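# Notes for the structure review
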Amino acid sequence: MQLLKDKVRQEGIVLSEQVLKVDSFLNHQMDPVLMKEVGKEFIRRFEGENITRVLTIESSGIAPGIMTALELNVPLIFARKQKSLTLTEDILVEKVYSFTKQETNEITVAKKFMQPGDRVLIIDDFLANGEAAFGLARIVEQVGAEVVGIGIVIEKAFQPGGRLLQEAGYRVESLVRIGALSDGQVTFADEEGTN
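Residues numbered from 1 in each chain as written. Predicted model: local features only at pLDDT ≥ 70, side-chain atom pairs only at ≥ 80, totals over all residues. Heavy atoms only, no water.

This part is about the overall build of the chain. For the chain, the helix and strand inventory stands at 5 helices and 10 strands. For a compact globule of 195 residues, the expected C-alpha radius of gyration is about 16 Å, and the chain comes in at 16 Å, within 12% of that figure. Buried positions account for 49% of the 195 residues belonging to the chain. Pairs at least 24 residues apart make up 63% of the contacts formed inside the chain by residues separated by at least 6 positions. Carbon and sulfur atoms form 47% of the exposed surface of the chain, whose accessible area is close to 9,800 Å². Within the chain, the 29 negative side-chain charges are centred at a point lying 3 Å from the centre of the 22 positive side-chain charges. (Helix = DSSP H or I, 4+ residues; strand = E, 2+ residues; numbered from the N terminus. Rg over C-alpha atoms; globule rule 2.2 N^0.38 Å. Buried < 20%, exposed > 50% of the residue type's maximum accessible area, 1.4 Å probe, protein only. Contact = heavy atoms within 4.5 Å. Areas by Shrake-Rupley, 256 points an atom, 1.4 Å probe, with all protein chains shown as cover. Lys, Arg positive; Asp, Glu negative; His and termini not counted. Charge placed at Lys NZ, Arg CZ, Asp CG, Glu CD.)

As a further point, take the side chain of Glu155. For Glu155, the position within the fold is in strand β8 (residues 146-156). Those residues within four positions of Glu155 in sequence are excluded, and the remaining contacts are Leu127, Gly162, Ser174, Val176, Arg177 and Ile178.

Attention shifts here to the packing of aromatic side chains. Scanning the model with the defined rule gives 1 aromatic pair in all. Summarising the aromatic geometry, the rings of Phe134 and Tyr170 are spaced 6.2 Å apart at their centres and angled 75 degrees between planes, so their arrangement reads as edge-to-face. Placement of Phe134 in helix α4 (residues 131-142) and of Tyr170 in the loop between α5 (161-167) and β9 (172-182) is noted, with a sequence separation of 36 residues between them. (Phe/Tyr/Trp six-rings, centres within 6.5 Å; stacked < 30°, edge-to-face > 60°.)

Next up on the list: the UniProt feature "binding site: 5-phospho-alpha-D-ribose 1-diphosphate" (unreviewed entry) in the chain. Following the UniProt record, one finds the feature "binding site: 5-phospho-alpha-D-ribose 1-diphosphate" (unreviewed entry) at Ala128, Asn129, Gly130, Glu131 and Ala132. Here Gly130 is to be found in the loop between β7 (119-127) and α4. Not counting chain neighbours up to four residues away, the residues in contact with Gly130 comprise Gly161 and Leu165. With respect to the secondary-structure elements, Ala132 resides in helix α4. With sequence-adjacent residues up to four places away left out, Ala132 is seen in contact with Ile57, Val96 and Asp124. (UniProt positions renumbered as here; feature names shortened; annotations may be inferred.)

For the rest of this paragraph, the subject is the packing of helix α2 (residues 32-45) against helix α3 (residues 62-72). Angle between the axes and distance between the axes are the two parameters that describe a pair of packed helices. The N-to-C vectors of α2 and α3 enclose an angle of 55 degrees; their axes lie 8 Å apart at closest approach. As summarised for this structure, α2 and α3 are arranged oblique, according to the angle between their axes. Taken as a pair, α2 and α3 cross one another with a handedness that is right-handed. Counting all contacts with α2, which are made through Pro32, Met35, Lys36, Val38, Gly39, Lys40, Phe42 and Ile43, the residues of α3 involved are Ala63, Pro64, Met67, Thr68, Glu71 and Leu72. (Axes fitted to C-alpha atoms, helices over the stretch in contact; angles between N-to-C directions. Parallel < 35°, antiparallel > 145°, perpendicular 65-115°, else oblique. Left-handed = near helix turned anticlockwise from the far one by under 90°.)

Before going further, it helps to spend a moment on the pattern of salt bridges. Considering all chains together, one arrives at 17 salt bridges under this definition. Residue Arg45 pairs with Glu173 through a salt bridge whose shortest N-O separation is 3.3 Å. Within this pair, whereas Arg45 is found in helix α2, its partner Glu173 is found in strand β9, the two being separated by 128 residues in sequence. The closest approach of N and O atoms between Arg163 and Glu167, which form a salt bridge, is 3.3 Å. Here the residue Arg163 and the residue Glu167 both occupy positions in helix α5, the gap between them amounting to 4 residues, near one helical turn. According to the relative accessible area criterion, Arg163 is partly exposed, its value standing at 45%. On the basis of relative accessibility, which here comes to 57%, the residue Glu167 falls in the exposed class. (Salt bridge = Lys/Arg side-chain N within 4 Å of Asp/Glu carboxyl O.)

Tracing the chain through its elements places Asp190 in the segment after β10 (185-188). On the accessibility criterion, Asp190 (57% relative accessible area) is exposed. Residues Asp190 and Ile178, spaced 12 residues apart in sequence, show a C-alpha to C-alpha distance of 8.2 Å. A polar atom in the side chain of Asp190 sits 2.7 Å from the side chain of Lys5. (Polar contact = N/O pair within 3.5 Å; in protein donor to acceptor, adjacent residues only side chain to side chain.)

What follows is the structure, given as structure tokens:
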């Protein structure tokens, strides 16, 4: 997705060989026009899948998730990372390790929002080791629903998440795939070795 690549090049900040900061358009301040286009691209990639729900994790997955759900005219569910006083019974819970925050969270979803037979598209902002996507997939599968695919805004292709998810049988569609973060520069996986 060229629009997204351009945004990563212009506004992404390489903090290390493992970390890309995109807080100016994706996970602190959000670019709504870009997020609308991200939603449209996910719809194009998962066309014909008869999706009944979109599932993401708070908070950075909400913007691309809601735009995708809006385009599909289906509900968006977001897994909560923080305990809620109102979300205490009939919940689905999974443990998820965050590469960026270096911590494990229990994510929760109310059972009433997902039914057996639902066809769920998982959307997330980043894919590194695949922990969040696997946790969300386990939640979907706990209720007897089906994961039709996993849509990722930015995949760090130099980390194993995408490969591990595909080996587990999930369809993964990443809008941009980063091959390397070095010398303050982003190299996209489809451009490695070209100059």
